[in-house]
Amino acid sequence: RHRFWETQPVGQFKDLGDASLPEGSIEPPSPLSEVKSDPYPLPALYEWTTCDIDDDATAAEIYSLLSNNYVEDDDNMFRFNYSKEFLLWALRPPGYFKSWHIGVRVKSSKKLVGFITGIPARIRASTVVVRMAEVNFLCVHKKLRSKRLAPVLIKEVTRRVHREDTWQAAYTAGVVLPTPISTCQYWHRSLNPKKLIEVGFSRLGARMTMSRTIRLYKLPPSPVIPGFRKMEIRDVPAVTSLLRVYLSKFAVAPDLDEKDVAHWLLPRENVVDSFLVKNPETHEITDFCSFYTLPSLILNNANYTNLKAAYSFYNVATKTPLLQLMNDALIVAKQKDYDVFNALDVMENESFLKELKFGPGDGMLHYYLYNYRLRHALKPSELGLVLL
Ligand code: NHW
Ligand code: EN5
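Along each chain, residues carry numbers from 1 onward, in the same order as the chain's sequence is written. Chain letters and ligand numbers both follow the written order, the letters beginning at A and the numbers at 1. Confidence filtering applies because this is a predicted model: local features only for residues at pLDDT of at least 70, side-chain atom pairs given and counted only at 80 or more, and all residues used for totals across whole chains, interfaces and linings.

We now examine the domain arrangement of the protein. Domain boundaries shown here were taken from an automatic or database domain assignment. One can read the domain layout of the protein as domain 1 (5-172) and domain 2 (183-382). One C-alpha centre belongs to domain 1, the other to domain 2; they are set 26 Å apart. We call two residues in contact if the C-beta atoms placed from their backbones are at most 7 Å apart. Between domain 1 and domain 2, the contact holds 40 residues from the first and 37 residues from the second. Elements represented by at least two residues in the side of domain 1 that touches domain 2 include exactly β2 (78-80), α2 (84-91), β4 (112-125), β5 (128-140) and β6 (168-173). Think of it this way: any DSSP run of H or I at least four residues long counts as a helix, any run of E at least two long counts as a strand, and we number them from the N terminus.

What follows is about helix α1 (residues 56-69). The end-to-end C-alpha distance of α1 is 20 Å, a good match for the 20 Å that 14 residues give at a rise of 1.5 Å each. Among all positions of α1, only E61, I62, L65 and L66 are buried. Seen along its axis, α1 keeps its buried residues to an arc of 125 degrees; they face one direction. Those residues of α1 that are exposed and aimed more than 90 degrees away from the buried face are D56, A57, A60 and S64. The span you would expect from a helix comes to 1.5 Å times its residue count less one. Comment: burial labels come from other C-beta atoms within 10 Å of the residue's own C-beta, placed from the backbone, where a count of 20 or more is buried, 12 or fewer is exposed, and between is partly exposed. Read the arc as the range of directions from the helix axis to the C-beta atoms.

Attention now goes to the site of ligand 2. A molecule or strand has a residue near it when that residue's C-beta atom, placed from backbone coordinates, lies within 6 Å of it. Taken together, 21 residues surround ligand 2, and among them G174, Y186, G359, G361 and G363 come closest. Counting residues per element, the ones that place at least two in the shell around ligand 2 are β6, β7 (182-190) and β17 (359-370). The biggest single contributor to the shell around ligand 2 is β17, with 5 residues. Counting residues domain by domain, the shell around ligand 2 receives three or more from each of domain 1 (5-172) and domain 2 (183-382).

The next point concerns the confidence of the model for the protein. The share of residues in the protein with pLDDT of 70 or more is 100%, and the mean pLDDT across the chain is 97. For this predicted complex, the interface score ipTM comes out at 0.99, alongside a pTM of 0.98. pLDDT runs from 0 to 100 and stands for how confident the predictor is about each residue.

It is at 10 Å that the axes of α1 and α2 come closest, and there the two elements cross at 105 degrees. Between α1 and α2, the crossing angle belongs to the class labelled roughly perpendicular. Taking contact as the criterion, the partners of A59, I62 and Y63 in α1 are, on α2, K84, L87 and L88. Partitioning the contact of α1 with α2 into residue classes produces 5 nonpolar, no polar and 1 charged. Axis definition: a line fit to C-alpha positions, over the contact stretch in the case of helices; interaxial angles, taken between N-to-C directions, run 0 to 180 degrees. Oblique is the label for any angle not under 35 degrees, not over 145, and not in the 65 to 115 range, which are roughly parallel, roughly antiparallel and roughly perpendicular in turn. Think of it as three bins: nonpolar holds Ala, Val, Leu, Ile, Met, Phe, Trp, Tyr, Cys and Pro, charged holds Asp, Glu, Lys and Arg, and polar takes everything else, Gly as well.

The next thing to look at is helix α6 (residues 236-247). Over its 12 residues, α6 runs 16 Å from end to end, which matches the ideal 16 Å to within 8%, given 1.5 Å per residue. Along α6, the residues classified as buried are V239, L242 and L243. Looking straight down α6, one finds its buried side chains confined to an arc of 95 degrees; they lie on one side. Facing away from the buried side of α6 by more than 90 degrees, the exposed set consists of P237 and V245. Elements in contact with the buried residues of α6: α7 (258-265), β10 (272-278), β11 (285-293) and β15 (316-317).

What follows covers unusual backbone geometry. Between P178 and T179 the backbone carries a cis peptide bond, its omega angle lying at -25 degrees. Here T179 shows up in the loop between β6 and β7. At N76, a residue that is not glycine, the phi angle is positive and equals roughly 55 degrees. Residue position: N76 is located in the loop between α1 and β2. Even without a glycine there, the phi angle at F137 is positive, about 60 degrees. If you trace the backbone, F137 turns up in strand β5. The buried category is assigned to F137, around which 21 C-beta atoms lie within 10 Å.

So, about the site of ligand 1. In the region of ligand 1, 35 residues are neighbours, and H2, F4, L138, A150 and A169 sit closest. For the shell around ligand 1, the elements supplying multiple residues, two or more each, are β5, α3 (149-163) and β6. A class-by-class count of the residues in the shell around ligand 1 yields 23 nonpolar, 8 polar and 4 charged.

So, in structure tokens, the structure goes:
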């Protein structure tokens, strides 16, 4: 069934439900001296490249490979269109390794045709904090599909991660592989229903007119919660404390320090937005919400080429009800001209999705760990991790 994945230290379908297997590493680390120092062999026409994303020309090549060849929905109507600024943010967190930004070029033309990345992260599984790589942006040019290049890219990122004495990884995918630790559903909240319907992202409901639909999704012009404002640098310590306490409730979640929070959550235009509620009397920061910006290309529409989507990131509500906090997140996303606000059913998101008029999407997101077994599969609500 899975000629590659069956050879890897990941949970296998045949072991599902075997409670006798212990939680933790599947295979032990090797001595670093035993990790190969040369890259995996590639088919003769191709060569490895370490991508220097600080170089504008290289960043442009990566952007172009992904915007033409990365993830599409099941009906090939939309393709993720990560911006250059987003990629720089996603790939340069505290302690990142340039060697984990890996490309494949055609030897003769130097054209970039393959890509995969890792970034370092500390992820807690149950009670143990594990150093991991978060692997993302695996991409093979459309013309080179089904040639088994993906397993080579995965083995090469694994080798380079091992070289940094890291033996576990976390990743998500829309496809089912051996074996998800959890399977989540995408939900979508229309902000610009007329455009979403015109481009085929959503449909006019039964017994609904366009004007009733527009009215259904209407939002107030500005946030409602007193003390709701953009996150600033001076808020990093308070936001870190809020998040650390909150994320400790989930079975799998990142272990974030102040440096991580500064990187991942300080607002960056058209990349990440973060807001908090500061009590006007006590000056206490009690609630926090964030979303990242990931537009999609609209593949076959005469009138529109881009869909501006916000994705729910990390949210913590200790005083304001989560529903109200997320309602203000929708309001600011609408103010900033997003077409749709997306969320997974992770953490406590189920508590607001239906009431805030999100509807289930046709996409699922499966979460995976490499070389780490959990005793049980997780409900989405037990996951405290959002990958980009
Ligand atoms: S998920 C997004 C992945 N990218 C896309 O979907 C973009 C569009 N598609 C493509 O570019 C987020 C190609 O179709 C790709 C596959 C490159 C996906 N994850 O080369 P072949 C991530 O980036 C397996 C893992 O012939 P292809 C997360 C497939 O099951 N494996 O296929 C990435 C089969 O193996 P099997 C995937 O279509 C996590 C083999 O690849 C996969 O030309 C990576 C076929 O290869 C996917 N999304 O290229 C793992 N899609 O055993 C990281 C297919 O079934 C693991 N496959 O025969 C951790 C590493 C670090 C460890 C450190 C200790
Ligand atoms: C790694 N970080 O399928 C990520 N998106 O539902 C890689 N559907 O946008 C893995 N097909 O349901 C990514 N509209 C896996 C996801 C790949 C992209 C994907 C889905 C998620 C999506 C939309 C458009 C469907 C177009 C036809 C969708 C319905 C919205 C509707 C709004 C009104 C209320 C009901 C729902």
